[in-house]
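# Architecture at a glance
Each chain, letter by letter, is given below.
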Amino acid sequence: MLSVTGLTMRFGGLKAVDDLSFEARTGEITAVIGPNGAGKTTVFNCITGFYRPAEGGIALTHASGPSFALHRMPGYRIASRAKVARTFQNIRLFAGMTVLENLLVAQHNVLMGASGFTMLAVLGVSRYRAAEQRGLKKARHWLDRIGLLDRADDVAGGLPYGAQRRLEIARAMCIDPVLLCLDEPAAGLNPRETEVLNALLRSIQADGCSLLLIEHDMGVVMRISDHIVVLDHGKKIADGTPEAVRADPAVIAAYLGEGDEDEAAA
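All of the points below concern the structure found in this document. Just so you know, these numbers come straight off a predicted model, no measurement behind them. (Residues numbered from 1 in each chain as written. Predicted model: local features only at pLDDT ≥ 70, side-chain atom pairs only at ≥ 80, totals over all residues. Heavy atoms only, no water.)

### Things to note about the sheet that holds strand S2 (residues 14-24)
The pairing of strands in a sheet happens through backbone hydrogen bonds and is either parallel or antiparallel. With antiparallel pairing, four strands are arranged side by side in an open sheet as S2-S1-S4-S5. In this open sheet, the two edge strands, each paired with only one partner strand, are S2 and strand S5 (67-69). The sheet shows a mean angle of 20 degrees between the axes of neighbouring strands, taken without regard to direction. Across seven bridges, strand S1 (residues 2-11) lies against S2 in antiparallel orientation. The partner of leucine 2 across the bridge, within S2, is alanine 24. In the packing of helix H1 (residues 40-47) onto the sheet, contacts are made with S1, S2 and strand S4 (55-61), and the angle to S1 comes to roughly 115 degrees. (Pairing = 2+ DSSP bridges. Helix = DSSP H or I, 4+ residues; strand = E, 2+ residues; numbered from the N terminus. Axes fitted to C-alpha atoms, helices over the stretch in contact; angles between N-to-C directions. Contact = heavy atoms within 4.5 Å.)

Shown next as structure tokens:
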């Protein structure tokens, strides 16, 4: 469903991503891994429209047929039209809003359109009331899925860290994405919270949503990924199943810091 071809991203004289190509298949969980500074988040920022790549293409094809050239689209259209959602390494909830309000904010465009940009809502037109009820139903559905329905009226910033992680994922799912991009979703979680996260991601996959994730927790990566792409210094060094990647000498060298010294000694 996602095809990245010859992706290159430069920051001045630094080539953060260098001629990267890979594919993420429909219905699978694809992990992008690599040491710190490998270019993983830069790739995500290109896919989701935060950066415009210097070279290369990023194509997304829905199972229903439409295709989108993401590298040519502004970020807000990548979310609203191409249906690509993302979360961030550092949680970006609206901390002063309630848990429920955070999920309604994700549906802002739909609700504003139904409200005639507030006029129909003021007049109490039935079209807006129906859209509002659908938005509330979707928000409550996701709160139930992540185990936070009983905290719908609590302030989001007061939730435990693991619950905030789940809430951010639920907020992303409220746009009904076909591709969910997760930037280190397990960062800072304890083992129990990590197991809850794994179950949530597997359930999202079972619903038909494809996932693309960056993750440093190799336990998470190897347990839930169908396909892994490994980067090092902006280049792809491995691409395959978890079993194949785990045994790849280039991957082992990149993570253990071996290789360069051995070559120099030789």
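### Structural notes on unusual backbone geometry
For aspartate 176, which is not glycine, the phi torsion reads 55 degrees and is therefore positive. With respect to the element layout, aspartate 176 can be found in the loop between helix H7 (161-173) and strand S7 (179-183). Given the relative accessible area of 46%, aspartate 176 is considered partly exposed. With a phi close to 50 degrees, glutamate 184 is a non-glycine residue in the positive phi region. Within the secondary structure, glutamate 184 sits in the loop between S7 and helix H8 (191-206). (Buried < 20%, exposed > 50% of the residue type's maximum accessible area, 1.4 Å probe, protein only.)

### Overview of the packing of aromatic side chains
What the rule picks out here adds up to two aromatic pairs. Arranged with centres 5.3 Å apart and planes meeting at 75 degrees, the rings of phenylalanine 11 and tyrosine 51 form a pair that is edge-to-face. One end of the pair, phenylalanine 11, is in strand S1; the other, tyrosine 51, is in the loop between H1 and S4, and 40 residues separate them in sequence. Aromatic side chains phenylalanine 50 and phenylalanine 88 sit 5.7 Å apart centroid to centroid with 85 degrees between the ring planes, which places their arrangement in the edge-to-face category. Of the two residues, phenylalanine 50 sits in the loop between H1 and S4 while phenylalanine 88 sits in the loop between strand S6 (84-86) and helix H3 (99-105), which places them 38 residues apart along the sequence. In this structure, arginine 92 packs its charged tip against the face of phenylalanine 88, placed 4.0 Å from the ring centre. (Phe/Tyr/Trp six-rings, centres within 6.5 Å; stacked < 30°, edge-to-face > 60°. Lys NZ or Arg CZ within 6 Å of the ring centre and 35° of its normal.)

### Side note on the sheet that holds strand S8 (residues 210-214)
Pairing is mixed across the open sheet formed by six strands, whose spatial order is S6-S7-S8-S3-S9-S10. Since the sheet does not close on itself, it has two edges, and those belong to S6 and strand S10 (235-240), each with one partner. Averaged over all pairs of adjacent strands, the angle between their axes in this sheet comes to 15 degrees, without regard to strand direction. The pairing of strand S9 (residues 227-232) with S10 spans five bridges and is classified as antiparallel. Among the inter-strand pairings, valine 230 is bridged to a residue of S10, identified as alanine 238. In the packing of H7 onto the sheet, the strands contacted are S6 and S7, and the crossing angle to S7 comes to about 155 degrees.

### Brief notes about H7
The first and last C-alpha atoms of H7 sit 19 Å apart over 13 residues, in line with the 18 Å expected at 1.5 Å per residue. Among the 13 residues that make up H7, twelve are buried, leaving the element largely enclosed by the rest of the structure. Of all the residues in H7, the buried ones are Gly162, Ala163, Gln164, Arg165, Arg166, Leu167, Glu168, Ile169, Ala170, Arg171, Ala172 and Met173. (Expected span 1.5 Å × (residues − 1).)

### Some points on the nonpolar core
Of all hydrophobic cores here, the largest spans 44 residues; its most connected members are Leu103, Leu143, Leu167, Ile169, Leu180 and Ile204. If you tally residues by element for this core, the top one is H7, at six residues. Not counting residues up to four positions away in its chain, the partners in contact with leucine 167 are Leu93, Val99, Asn102, Leu103, Leu143, Ile146, Leu148, Ala156 and Leu159. Membership of the second largest hydrophobic core comes to 29 residues, among which are Met9, Ala24, Val32 and Ile47. (Core = buried A, V, L, I, M, F, W, Y, C linked by side-chain atoms within 4.5 Å.)

### A look at the pairing of S7
Look at any regular strand and the pattern is simple: side chains alternate between the two faces of the sheet. Judged by how many residues are buried, S7 sits mostly within the fold: five of five residues are covered. Side chains Leu179, Cys181 and Asp183 project from S7 onto one buried face, and the interleaved Leu180 and Leu182 project onto a second face that is buried too. The sheet contact formed by S6 and S7 spans three bridges and is parallel. Directly across from alanine 85, in S7, lies its bridge partner leucine 180.

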